[in-house]
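Report on the structure
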Amino acid sequence: MKRITVTLIISFLLTLAGLLINYLSFKDQGDMPLAIKHFGGEITAMSGFGLKCVHIYAMTPEAGDSVSLSFSIVSFVLTFLLIAAIIYVLLSLFRLFKN
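My aim in this report is to walk through the structure given alongside it, one point at a time.

Analysis parameters
- Residues numbered from 1 in each chain as written.
- Predicted model: local features only at pLDDT ≥ 70, side-chain atom pairs only at ≥ 80, totals over all residues.
- Heavy atoms only, no water.
- Pairing = 2+ DSSP bridges.
- Helix = DSSP H or I, 4+ residues; strand = E, 2+ residues; numbered from the N terminus.
- Core = buried A, V, L, I, M, F, W, Y, C linked by side-chain atoms within 4.5 Å.
- Buried < 20%, exposed > 50% of the residue type's maximum accessible area, 1.4 Å probe, protein only.
- Contact = heavy atoms within 4.5 Å.
- Patch = residues over 30% accessible without salt bridge, like charges linked within 9 Å, V, L, I, M, F, W, Y side chains within 5 Å.
- Areas by Shrake-Rupley, 256 points an atom, 1.4 Å probe, with all protein chains shown as cover.
- Salt bridge = Lys/Arg side-chain N within 4 Å of Asp/Glu carboxyl O.
- Expected span 1.5 Å × (residues − 1).
- Axes fitted to C-alpha atoms, helices over the stretch in contact; angles between N-to-C directions.
- 1 Å grid on protein atoms, 1.4 Å probe; cavity = no way out; pocket = protein on both sides within 12 Å on 5 of 7 lines; lining within 4 Å.
- Points joined across faces, edges and corners; volume = space filled by probe spheres on them.
- Nonpolar A, V, L, I, M, F, W, Y, C, P; charged D, E, K, R; others polar.

**Some words on the pairing of strand 1 (residues 36-40)**
Sheet topology places strand 1 next to strand 2 (residues 43-48); 5 bridges connect them, and they run antiparallel. Paired with His38 across the strands is Ala45, a residue of strand 2. Connecting strand 1 to the next strand, strand 2, in antiparallel fashion are 2 residues, including Gly41 with a positive phi near 50°.

Written as structure tokens, this is what we have:
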């Protein structure tokens, strides 16, 4: 039970750190370094660590670009669970090799 608790705490902290890095980088540079980027036509979408950014480029000279940043609970939970699974396996392997 202790290993699961430690795993969940570490996973939550790493997920929050990734979210914070992406948020601060987006606010400073307009890019999220720890995100999966999707390109297509007049749109660029980035998602990672619970954040989703959608940049729609204007197709006419008088129109302006549209950029939105939002929190995605699905992305946050999936990232959290993936990191937790990796940490749990690593801790199990460490304990196996230690004994």
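**So, the nonpolar core**
Ranked by size, the top nonpolar core spans 11 residues in total: Leu19, Phe26, Met32, Ala35, Met46, Phe49, Leu51, Cys53, Phe76, Ile83 and Ile87. Secondary-structure elements contributing two or more residues to this core are helix 1 (2-29), strand 3 (51-56) and helix 2 (73-98). Considering every element that reaches this core, the biggest residue donor is helix 2, with 3 residues. If we skip the residues at most four places from it in the chain, Phe76 touches Phe12, Thr15, Leu16, Leu19, Phe49, Gly50 and Phe71.

**Here's the deal with a nonpolar patch on the surface**
On the surface, Leu82, Ile86, Val89, Leu90, Leu93, Leu96 and Phe97 cluster together to form a nonpolar patch covering roughly 740 Å² of accessible area. Along the chain, Leu93 turns up in helix 2.

**Concerning helix 2**
Three or four residues apart is the spacing at which side chains of an α-helix point the same way, because the helix has 3.6 residues per turn. Helix length check: helix 2, at 26 residues, gives a terminal C-alpha distance of 37 Å against a target of 38 Å (1.5 Å per residue), a fit within 8%. Residues of helix 2 that are buried: Ser75, Phe76, Thr79, Phe80, Ile83, Ala84 and Ile87. Buried residues belonging to helix 2 abut helix 1, strand 2 and strand 4 (66-71).

**Observations concerning the sheet that holds strand 2**
On the basis of which strands lie adjacent, the open sheet formed by 4 strands has the order 1-2-3-4 and antiparallel pairing. The sheet terminates laterally at strand 1 and strand 4, the two strands that pair on one side only. Each adjacent strand pair in this sheet contributes to an overall mean axis angle of 10°, direction not counted.

**Some details on the layout of surface pockets**
Space inside the largest pocket adds up to approximately 150 Å³. Of all the secondary-structure elements, those providing two or more residues to the lining of the largest pocket are helix 1 and helix 2. Residue composition of the lining of the largest pocket, by class: 3 nonpolar, no polar and 3 charged.

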